[in-house]
Amino acid sequence: IMPVMVLALQITSQLSRFMRASMLDNLSQDYVRTARAKGLSERVVVMVHVLRNSLIPVITLLALSIPGIFGGAIITESIFRINGLGQLLLLSILQNDLFMVQSVMLIFAALTAIFNIIADPYRHPEFDGSGTVKDGFSGPHRLSEGAKFGMDMKMGFPYKIKNTVVEFSDPT
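Parameters and conventions
All residue numbers refer to position in the chain's written sequence, counted from 1. Only residues with pLDDT of at least 70 are given local features in this predicted model, and only at 80 or more are side-chain atom pairs given and counted; all residues enter the totals for whole chains, interfaces and linings. Note that the side-chain values use all heavy atoms of the structure and ignore hydrogens as well as water. Each helix is a run of H or I in the DSSP string that is no shorter than four residues. Each strand is a run of E no shorter than two, and both are numbered from the N terminus. Think of it in three bands: with a 1.4 Å probe and only protein chains considered, a residue is buried below 20% of the maximum accessible area for its type, exposed above 50%, and partly exposed in between. Contacts are assigned to residue pairs that have any heavy atoms within 4.5 Å of one another. Here, Shrake-Rupley sampling with a 1.4 Å probe gives the accessible areas, and only protein chains in the shown set may cover a residue. A residue counts toward a patch only above 30% relative accessible area and without a salt bridge, and it is joined to like-charged neighbours within 9 Å or, for Val, Leu, Ile, Met, Phe, Trp and Tyr, to nonpolar neighbours within 5 Å. By salt bridge we mean one thing: a side-chain nitrogen of Lys or Arg within 4 Å of a carboxyl oxygen of Asp or Glu. Here, axes are lines fitted to C-alpha atoms. For helices the fit covers the stretch in contact, and angles between N-to-C directions go from 0 to 180 degrees. For classification purposes, angles smaller than 35 degrees are called roughly parallel, those larger than 145 roughly antiparallel, those between 65 and 115 roughly perpendicular, and all remaining angles oblique. Gly counts as polar in this scheme, as do all residues outside two lists: the nonpolar Ala, Val, Leu, Ile, Met, Phe, Trp, Tyr, Cys and Pro, and the charged Asp, Glu, Lys and Arg. A clockwise turn of the near helix away from the far one marks a right-handed crossing, whereas an anticlockwise turn of less than a right angle marks a left-handed crossing. Take the buried Ala, Val, Leu, Ile, Met, Phe, Trp, Tyr and Cys residues and link them wherever side-chain atoms come within 4.5 Å; each set so joined is a nonpolar core.

Caption draft 1: Highlighting the overall build of the chain. The helix and strand tally for the chain stands at five helices and two strands. Secondary structure elements in the chain, listed N-terminal to C-terminal, are α-α-α-α-α-β-β. Counting the 172 residues in the chain, one finds 24% classified as buried. Sequence separation of at least 24 residues holds for 42% of the intrachain contacts in the chain that already meet a minimum separation of 6. Here the chain displays about 12000 Å² of accessible surface, and carbon together with sulfur accounts for 65% of that area.

Printed below as a string of structure tokens:
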């Protein structure tokens, strides 16, 4: 039970702090005031509306932190003498087994890539999952929160915002 606690304690504390900050941030949003004004109970407002929107950055943080757990497992396995990929990597390094070191590192790299792909839709809400991007010169589209300011660096010219729908101004 001790190795699991060592690996999980840091990520749990990070996630709980991040979740608290995200919940507090979302509690002051307009949609929460609207839900309360409609007469929804506080439990429904918090558990359905606020929690749902607060989980998006938390899921991203969790998916991007999982490769770090594998890195921490290398040290944890050697301290607690547990057989695993971390122990195998350390023994392979000590025995100068280059092919085994490369194989274990390939597994770690593949896991990192997989969890980055899992986290990607949560980091980039402008992708709708169908392979098309809601971006470009194809007309009005919804913006993510991070794109609602000043100058669109991809387009290279200013845009006007009306109710979070972009209308591109003529660059000439």
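What follows picks up the thread again.
Caption draft 2: Here's a closer look at a nonpolar patch on the surface. Together, Ile-1, Met-2, Met-5, Val-6, Ile-75, Ile-79, Phe-80 and Ile-82 line one region of the surface with nonpolar side chains, adding up to about 810 Å² of accessible area. Of all the secondary-structure elements, those providing two or more residues to the nonpolar patch are α1 (2-27) and α3 (42-80).

Caption draft 3: Looking closely at the packing of α3 against helix α4 (residues 85-94). Between α3 and α4, the shortest axis-to-axis distance is 7 Å and the interhelical angle comes to 80°. Relative to α4, the element α3 is oriented roughly perpendicular. Of the residues in α4, those touching α3 at Ile-74, Glu-77 and Ser-78 are Leu-85, Gly-86, Gln-87, Leu-89 and Leu-90. For the contact of α3 with α4, the class distribution of residues is four nonpolar, three polar and one charged.

Caption draft 4: Expanded view of the side chain of Thr-76. The topology assignment puts Thr-76 in helix α3. The class for Thr-76 is buried, based on a relative accessible area of 6%. Residue contacts for Thr-76: discarding those within four places in its chain leaves Pro-3, Val-6 and Leu-7.

Caption draft 5: How the structure looks around the packing of helix α2 (residues 30-37) against α3. Direction vectors running N to C along α2 and α3 enclose 155°, while the axes themselves pass 10 Å from each other. One way to sum up the angle between α2 and α3 is to call them roughly antiparallel. You can see that α2 and α3 cross each other, and the crossing is right-handed. Of α3, the residues touching α2 (which contributes Tyr-31, Val-32, Ala-35 and Arg-36) are Glu-42, Val-45, His-49, Val-50 and Asn-53. Classifying every residue of the contact of α2 with α3 gives five nonpolar, two polar and two charged.

Caption draft 6: Highlighting the nonpolar core. Judged by nonpolar contacts, Ile-11, Leu-15, Met-19, Met-23, Val-32, Ala-35, Val-45, Val-46, Val-50 and Val-58 together constitute the single largest core of ten residues. Every element with two or more residues in this core is listed here: α1, α2 and α3. In this structure, Val-32 is in contact with Asn-26, Leu-27, Val-45 and Val-50, ignoring residues within four places of it in sequence. The next biggest cluster of nonpolar side chains, apart from the first, holds five residues, and it includes Ile-74, Leu-89, Val-101 and Phe-108.

Caption draft 7: Local environment of unusual backbone geometry. For Arg-81, which is not glycine, the phi dihedral falls at a positive 55°. Along the chain, Arg-81 falls in the loop between α3 and α4. Positive phi, normally seen in glycine, also occurs at Asn-96, with a value near 55°. Position of Asn-96 relative to the elements: it lies in the loop between α4 and α5 (98-123). The class of Asn-96 is exposed, set by a relative accessible area of 68%.

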